[in-house]
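Letter by letter, the chains look like this.
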Amino acid sequence: MSDQTLSPARRAYLKRRKQENTTVHLLRILLLAALLGLWELGGRLGWMDVFIVSSPARVVQTLAGLWQSGDLLHHLGVSCFETAIGFGLGTLAGALIAVGLWWSTLASRVLEPYLVVLNALPKTALGPIFIVWIGAGTESIIAMTIAISVFVTILNMYAGFCSVDPEKLRLMQTLGATKWQTLRKLVLPANTDTLFNTLRVNVGLSWVGVIMGEFLVSKAGLGYLIVYGSQVFNMDLVMASVLLLACAAIVMYQLVQVAERLWRRVT
Amino acid sequence: MHIEIDHVSMRYQAPDGEIEALRDVSFSVPDHTFVSIVGPSGCGKSTLLSLLAGLEKPTDGALLLDGEPIRGPTEKIGFMPQRDQLFEWRSIWRNVLLGPEIRGDDTKARREMVRTLLADYALAPFKDKVPSQLSGGMRQRCALIRTLAVEPGVLLLDEPFSALDYQTRLAVSADIARIIRQSGKTAILVTHDISEAISMSDRIVVLSHRPGTVRAIHDLTEMESLNPMERRGAPEFQALFNQIWEELDVNV
């Protein structure tokens, strides 16, 4: 629609909306700048001990150092790899088990209390068990990540499968659909939203699993850097690692958003 | 195709007891006729449709399609569910092809036939749209075409218009009744709307409260030549409405 076809009231409304949005964006950036400025200033003026709280300049310096030595990419790479594997396997296993539960009422009835308990259990408690069973290495970290995401995935996906409109199931039955056809043509496509919501939740959970795992056993990764930094009282390193972690998590979350958009365009 | 419902009873087993949904129900649906089943909520209307669709077996009695017992879902019986139940993630074209796709009958000839149906019922231009882009009436026609796409001899309609607002409902039910008559199919409509039943059918079966038994059967021969909208204005309409209202024995 061109500008001429819009009424003055409409144009005023659109202008107001645009102004509001600009204000919100501006305030967000200002808030960040103010916090960073206060942090830096507080350190320089001696309000806070930079040895304890670090400062933006020191964090940047640390990041530059990590970059030059090649440590940054190494640790970031290790953590991202573990998260991606744990996320992928946890989601896949969870979705497959959810399909199994949907397929067999007997299985879902038998397993329900176990799933509830396992879901409620703080998975970090399993860390030491994994370490004893599969060794103090990457495998344990990935096992931890899977343990954290798999039960939520099962419960969410299964709940989604069960909430398919019974009238639609009846329609499929009258058309003579097999169970497999009902799954492929109705239950799975009806749960695209559930799947992507689960993926978004699992991004966060996988990072929890990886960082917890790295706290316990690792020789590399962002979790390792955080623990190591705090042990040698290098808070610059701790803060820099946390910042990297936040960036990595945001990127992964955005990847899920992009995947969802692509998926919807294809189908 | 004609249907014979012969002394059918249906009891369900539930954890907290036995539910008797239907008791000794008998009536017939002659070839090429439109029969409505009217009854209060919980009178076993939907149970009756499930039995006709072959999704369940009666505890007693028999349901015969052209003299043969109904043993399971068959392509001879097409089902139109409550609300249209179109799949939002499929285009209109892929929605109406659902039946052939499931039956492994998605052939060139079948596609041609479905294409003609879409064209006949003014849906051809919306072939590539998704259901949410269509009006309530168009969605309903689309659901009907999905049912017709597998060429059933009998159509089962389970309160298909219940989600529509009043005006749309009048227009759509008239529209659907016309299409079904043109197609020469036998149809069974389940509804709680007495006016809808009178406007669309050749025969009305009135069911009682649970357990559902046949209260009365009305043949609408005197209104045969009238279309649904004309029927609503006909002098016989009100009398029949009142009579069925009495038979339903509605208590609030």
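The rules behind these values
Residues numbered from 1 in each chain as written. Chains lettered and ligands numbered in written order. Predicted model: local features only at pLDDT ≥ 70, side-chain atom pairs only at ≥ 80, totals over all residues. Helix = DSSP H or I, 4+ residues; strand = E, 2+ residues; numbered from the N terminus. Rg over C-alpha atoms; globule rule 2.2 N^0.38 Å. Buried ≥ 20, exposed ≤ 12 C-beta atoms within 10 Å, placed from the backbone. Contact = placed C-beta atoms within 7 Å. Domains from an automatic or database assignment. Core = buried A, V, L, I, M, F, W, Y, C linked by C-beta atoms within 7 Å. Pairing = 2+ DSSP bridges. Axes fitted to C-alpha atoms, helices over the stretch in contact; angles between N-to-C directions.

Here we take up the overall build of chain B. Scanning chain B from terminus to terminus reveals nine helices and ten strands. Here chain B has a C-alpha radius of gyration of 18 Å; the compact-globule value for 252 residues is 18 Å, and the two agree. Projecting the C-alpha coordinates of chain B onto the three principal axes gives extents of approximately 45 × 45 × 35 Å. By the burial criterion, 40% of the 252 residues in chain B qualify as buried. Contacts in chain B between residues far apart in sequence, at least 24 positions, make up 72% of those at least 6 positions apart.

Moving on, we get to the domain arrangement of chain A. Segmentation of chain A into domains returns domain 1 (3-48) and domain 2 (59-266). A straight line from the C-alpha centre of domain 1 of chain A to that of domain 2 of chain A covers 34 Å.

Now for unusual backbone geometry. Residue and element names in this part refer to chain B. The peptide bond linking arginine 210 to proline 211 adopts the cis configuration, its omega dihedral lying at -5°. Tracing the backbone through its elements, the reader meets proline 211 in the loop between strand 9 (203-207) and strand 10 (214-219). We note that aspartate 24 has phi near 50°; this positive angle belongs to a residue other than glycine. Looking at the secondary structure, you find aspartate 24 in strand 2 (residues 17-29). Located in the positive-phi region is glutamate 159, a residue other than glycine, with phi close to 40°.

Counting residues in hydrophobic clusters, the biggest one holds 112 residues, and the most contacted among them are Leu52(B), Ile145(B), Leu156(B) and Ile188(B). Top contributing element to this core by residue count: helix 7 (residues 138-162) of chain A, with 13 residues. Not counting residues up to four positions away in its chain, the partners in contact with Ile188(B) are Val29(B), Val35(B), Ile37(B), Leu52(B), Val154(B), Leu156(B) and Leu157(B).

Before going further, it helps to spend a moment on the sheet that holds strand 10 of chain B. All names here are of chain B. In spatial order, the strands read 6-7-8-3-9-10; together these six strands make up an open sheet with mixed pairing. This sheet does not close on itself; its edge strands, each paired only once, are strand 6 (77-80) and strand 10. Strand-to-strand twist across the sheet, computed as the mean angle between neighbouring axes with direction ignored, equals 15°. Sheet topology places strand 3 (residues 34-38) next to strand 8 (residues 186-191); five bridges connect them, and they run parallel. Across the sheet, the residue bridging to valine 35 is isoleucine 188, located in strand 8.

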